[in-house]
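Fold and geometry: a report
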Amino acid sequence: MSASDLAPITNSLPFLLQGLGLSVLLTAIAMVGGIVLGLVIALVRLTRVPVLAPFAALYVNGFRAVPLILVIFWFYFLVPLLLGRSVGALYSVLIAFVMFEGAYYSEIMRAGLQSVRVGQWQAAKALGLGYLQTVRLIALPQALRNMAPLMVTQGVILFQDTALVYVVSLHDFMTSVSIVANNTSSPVEMYVFAALVYLAICQVGNALAGRLKRASRTA
Amino acid sequence: MTSHEMIKVEGLSKSFGPLEVLKECSLTVRRGEVVVICGPSGSGKSTLVKCINGIEEFERGQVWIEGEALPSRGRAAARLRARVGMVFQHFELYPHLTVLENICLAPVHVLKRPRTEAAAKARALLARVGLADKEAAYPAQLSGGQQQRIAIVRALAMDPVAMLFDEPTSALDPEMIGEVLAVMLELARDGMTMIVVTHEMGFAKSAADRVVFMDKGAIVEIDETQAFFAAPRSDRARLFLSRILAH
């Protein structure tokens, strides 16, 4: 690869970084929002809250049954209908991602909370701790530690999925790459570059997940 | 109910589906009394002690602690439960917390004691069981015997009126059993009301006031300790003793 091959990349770096910024922002918000929403859903299901629990199960199974791209379309067209005004592509996509990831993270959180031994819950109960206190002080810290590698892996998948926002005309990293590829007639360079960036982010994620896995085993 | 009755269990029954694990169990433990529950495995001993502080639910029967009926759920149940300490077979220390945090957790979050006060009490108790230097350690860094002594301290930090032990030495290597039993013996001598599920007949002989023998979910007999070891009344208890003492 010569220096001139890199020209399309270096020349449009600010544009590409802007795309990368959106991808990172979407990933971060969808991860945090998804984990919080997922925790609430998992608790509703685990404690079998009357009426709500079946709805939570329906929610999770529903979102996991449809492709993310469909959810993005839904919220893009549905939210303006519900609110009576448009909230813009970015906000509708953020809502879609958080709702969608909430379904996946709820399954991870549920497995995490269930991975905490019965004896730990019993010991907390014997000491007079209430259910929510036990979740907060005992079960959640252990569940998060057990599930951290899975949560990171889900985050890496989520980062890749941000490429789907092109359907509502947002410029994420992938979309920016393909715009530059078209404008500069350098598809090979640009798509190799994009693949390398994804690979690098995936490797960082895997390394982090592996480290968290080892940490949770030794602790 | 008279004031010297610390724990009273009446007609306690529990099933897992069609399997009856506890059948009409009744037992009264006086203040300061040490009662050992023994019997073959699967006889319902562990389930019985876990029902006494309500961490396992039961279908029929009633438990009273210091004359107060234990509700099946809710805040009142949690409050009453917190007055009875419990020690588990597998310690159940919290792996993500240090020794000191393990001990202070419930005093701070349940009894709402100031942290400094809870920590001071925890340190005093740790010193009593010879583990003052371990307050910053995590459970995984400690031996089984040390973990179990800390689990006892964690229960004592709540100022319990009685203590329940569910096979406290069964998961320990033989050379660590002694250090845990020593702490329990000292507690017994100090007048703690204790219900102990154990196979350690040596502990029963030296510390127990009475022995409860269970089999197949039922209390078969309750005897004064000497009488139990000298001449158990039921054939099943006699057979159990001959087997366990033959070792």
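Fair warning: this is a prediction, and the values are worked out from it, not measured in the lab.

**Thoughts on empty space enclosed by the protein**
- Scanning the model with the defined rule gives two cavities of 30 Å³ or more in all.
- Taken as a whole, the largest cavity spans an internal volume of roughly 60 Å³.
- As for the largest cavity, its lining consists of Leu125, Arg128, Val129, Val153, Leu156, Val183, Glu186 and Leu187 of chain B.
- Elements with a minimum of two residues in the lining of the largest cavity: helix 4 (115-128), helix 5 (144-156) and helix 6 (174-189) of chain B.
- Here the lining of the largest cavity gets three residues from one element, more than from any other, and that element is helix 6 of chain B.
- Its volume calculated, the second largest cavity comes out at about 40 Å³.
- Along its surface, the second largest cavity is lined by Ala123, Ala126 and Leu127 of chain A together with Met86, Phe88, Ala151, Arg154 and Ala155 of chain B.
- If you tally residues by element for the lining of the second largest cavity, the top one is helix 5 of chain B, at three residues.
- For the lining of the second largest cavity, a count of residues per class yields seven nonpolar, no polar and one charged.

**Here we look at the sheet that holds strand 5 (residues 68-69) of chain B**
Residues and elements named next belong to chain B.
- As summarised here, the arrangement of the four strands in space is 2-1-4-5, forming an open sheet in which the pairing is antiparallel. Only two strands of the sheet have a single neighbouring strand rather than two, namely strand 2 (19-30) and strand 5.
- Judged from the five bridges that link them, strand 1 (residues 5-16) and strand 4 (residues 60-65) form a sheet pairing that is antiparallel. Note that in strand 4 the partner of serine 13 across the bridge is arginine 60.

**Let's talk about the packing of aromatic side chains**
- This structure, assessed with the given rule, holds ten aromatic pairs over all chains.
- Geometrically, the ring pair formed by phenylalanine 73 of chain A and phenylalanine 77 of chain A is stacked, given 6.3 Å between the ring centres and 15° between the ring planes. Taken as a pair, phenylalanine 73 of chain A and phenylalanine 77 of chain A lie in helix 4 (residues 68-83) at a separation of four residues, close to a single helical turn.
- Linked through ring pairs, Phe159, Phe173, Phe193 and Tyr198 of chain A together constitute an aromatic cluster.
- For lysine 8 of chain B, the ring lying beneath its charged end belongs to tryptophan 64 of chain B, and the centroid distance is 5.6 Å.

**Quick notes on unusual backbone geometry**
Residue and element names in this part refer to chain B.
- A positive phi angle is found at glutamate 92, which is not glycine, with a value near 55°.
- The residue glutamate 92 is located in the loop between strand 6 (84-87) and helix 3 (99-109) in this model.
- On the accessibility criterion, glutamate 92 (6% relative accessible area) is buried.
- Here lysine 216, not a glycine, exhibits a phi torsion of approximately 50°, which is positive.
- Locating lysine 216 in the fold gives a position in the loop between strand 9 (210-215) and strand 10 (218-224).

**Remarks on the packing of helix 6 (residues 118-126) of chain A against helix 7 (residues 131-161) of chain A**
Residue and element names in this part refer to chain A.
- In the contact formed by helix 6 and helix 7, the axes pass within 10 Å of each other and the chain directions differ by 145°. Where helix 6 crosses over helix 7, the handedness of that crossing is right-handed. Contact residues: helix 6 offers Gln120, Trp121 and Ala124, while helix 7 offers Tyr131, Thr134, Val135, Ile138, Ala139 and Gln142.
- Of the residues that constitute the contact of helix 6 with helix 7, the class distribution is six nonpolar, three polar and no charged.

**Let's talk about the pairing of strand 7 (residues 162-166) of chain B**
All names here are of chain B.
- Along strand 7, five of the five residues are buried, which leaves the element largely enclosed by surrounding structure.
- Taking every second residue as pointing to the same face, both faces of strand 7 are buried, with Ala162, Leu164 and Asp166 on one and Met163 and Phe165 on the other.
- When strand 6 meets strand 7, the two strands line up parallel, connected through four bridges. Bridging from a neighbouring strand, valine 87 pairs with phenylalanine 165 of strand 7.

**Points about helix 3 of chain B**
- Extensive coverage of helix 3 of chain B is indicated by the burial of ten of its eleven residues.
- Of all the positions in helix 3 of chain B, only Val99, Leu100, Asn102, Ile103, Cys104, Leu105, Ala106, Pro107, Val108 and His109 of chain B are classed as buried.

**Looking at the side chain of glutamine 133 of chain A**
- Note on placement: glutamine 133 of chain A falls in helix 7.
- The class for glutamine 133 of chain A is buried, based on a relative accessible area of 18%.

**Digging into the environment of alanine 56 of chain A**
All names here are of chain A.
- Positionally, alanine 56 belongs in helix 3 (residues 52-65).
- For the pair alanine 56 and glutamine 122, spaced 66 residues apart in sequence, the C-alpha to C-alpha distance is 26 Å.
- Sequence-distant contacts of alanine 56, that is, excluding residues within four places in its chain, are made with Ile41, Val44 and Arg45.

**Focus: the layout of surface pockets**
- In this structure, the largest pocket spans a volume of roughly 1,100 Å³.
- Taken together, 31 residues make up the lining of the largest pocket; nearest its centre are Trp121, Lys125, Leu129, Gly130 and Tyr131 of chain A.
- Looking at the lining of the largest pocket, the elements that each hand over two or more residues are helix 2 (13-46), helix 5 (88-114), helix 6 and helix 7 of chain A together with helix 2 (75-81) of chain B.
- By residue number, the principal contributor to the lining of the largest pocket is helix 6 of chain A, which donates five residues.

**Here's the deal with a nonpolar patch on the surface**
- On the surface, Leu78, Leu81, Leu82 and Leu83 of chain A cluster together to form a nonpolar patch covering roughly 460 Å² of accessible area.
- Relative accessible area serves as the criterion here: at 68%, leucine 82 of chain A is assigned to the exposed category.

**Structural notes on the sheet that holds strand 9 of chain B**
All names here are of chain B.
- Judged by pairing direction, the sheet is mixed, and its six strands sit side by side in the order 6-7-8-3-9-10 without closing on themselves. Because the sheet does not close on itself, it has two edges, and the strands there are strand 6 and strand 10. Strand-to-strand, the axes of this sheet are offset by a mean angle of 15°, without reference to chain direction.
- Here four bridges tie strand 3 (residues 34-38) to strand 9, and the two strands are oriented parallel to one another. In the strand pairing of strand 9, valine 36 is matched with valine 211.

What counts as what
- Within every chain, residues take consecutive numbers counted from 1 along the sequence as written.
- Starting at A for chains and at 1 for ligands, labels are handed out in the order in which the entities are written.
- Restriction of local features to residues with pLDDT of at least 70 applies here, the model being predicted, together with a cutoff of 80 or more for giving and counting side-chain atom pairs; totals for whole chains, interfaces and linings are based on all residues.
- Excluding hydrogens and water, the side-chain values take into account all heavy atoms of the structure.
- For cavity detection a 1 Å grid was placed over the protein atoms alone, and a set of points counts as a cavity when a 1.4 Å probe fits there but cannot get out; an open set counts as a pocket when protein lies on both sides within 12 Å along at least five of seven lines, with lining residues being those that have an atom within 4 Å of a point.
- Grid points are joined across faces, edges and corners, and a volume is the space filled by probe spheres set on the points.
- Note on conventions: DSSP H or I runs of at least 4 residues are helices, E runs of at least 2 residues are strands, and numbering of each starts at the N terminus.
- Three classes are used: nonpolar for Ala, Val, Leu, Ile, Met, Phe, Trp, Tyr, Cys and Pro, charged for Asp, Glu, Lys and Arg, and polar for all others, with Gly counted as polar.
- Pairs of strands are assigned from DSSP output, requiring at least two bridges between the strands.
- Pairing of aromatic rings covers Phe, Tyr and Trp, the last counted by its six-membered ring, and requires centre-to-centre distances within 6.5 Å; plane angles under 30 degrees mean stacked, over 60 mean edge-to-face, and any other angle means tilted.
- Two conditions define a charge located above a ring, namely a distance within 6 Å from the ring centre to NZ of Lys or CZ of Arg, and an angle within 35 degrees of the ring normal.
- Burial here depends on accessible area, computed with a 1.4 Å probe over protein chains only, as a share of the maximum for the residue type. Under 20% is buried, over 50% is exposed, and the range in between is partly exposed.
- In this description, a line fitted to the C-alpha atoms serves as the axis of each element, helices being fitted only across the stretch in contact, and the angle between N-to-C directions of two axes falls anywhere from 0 to 180 degrees.
- Take the far helix as the reference: if the near one is turned anticlockwise from it by less than a right angle, the crossing is left-handed, and if turned clockwise, right-handed.
- Should any heavy atoms of two residues lie within 4.5 Å, those residues are considered in contact.
- Here, patches come from residues exposed beyond 30% relative accessible area and free of salt bridges, joined within 9 Å for like charges and within 5 Å for nonpolar side chains (Val, Leu, Ile, Met, Phe, Trp, Tyr).
- Under the convention used here, a 1.4 Å probe and the Shrake-Rupley method define accessible areas, while residue burial counts only the protein chains that appear.
- By convention in these notes, a salt bridge is any Lys or Arg side-chain nitrogen within 4 Å of a carboxyl oxygen on Asp or Glu.

By themselves, these observations are geometric and do not establish any function.
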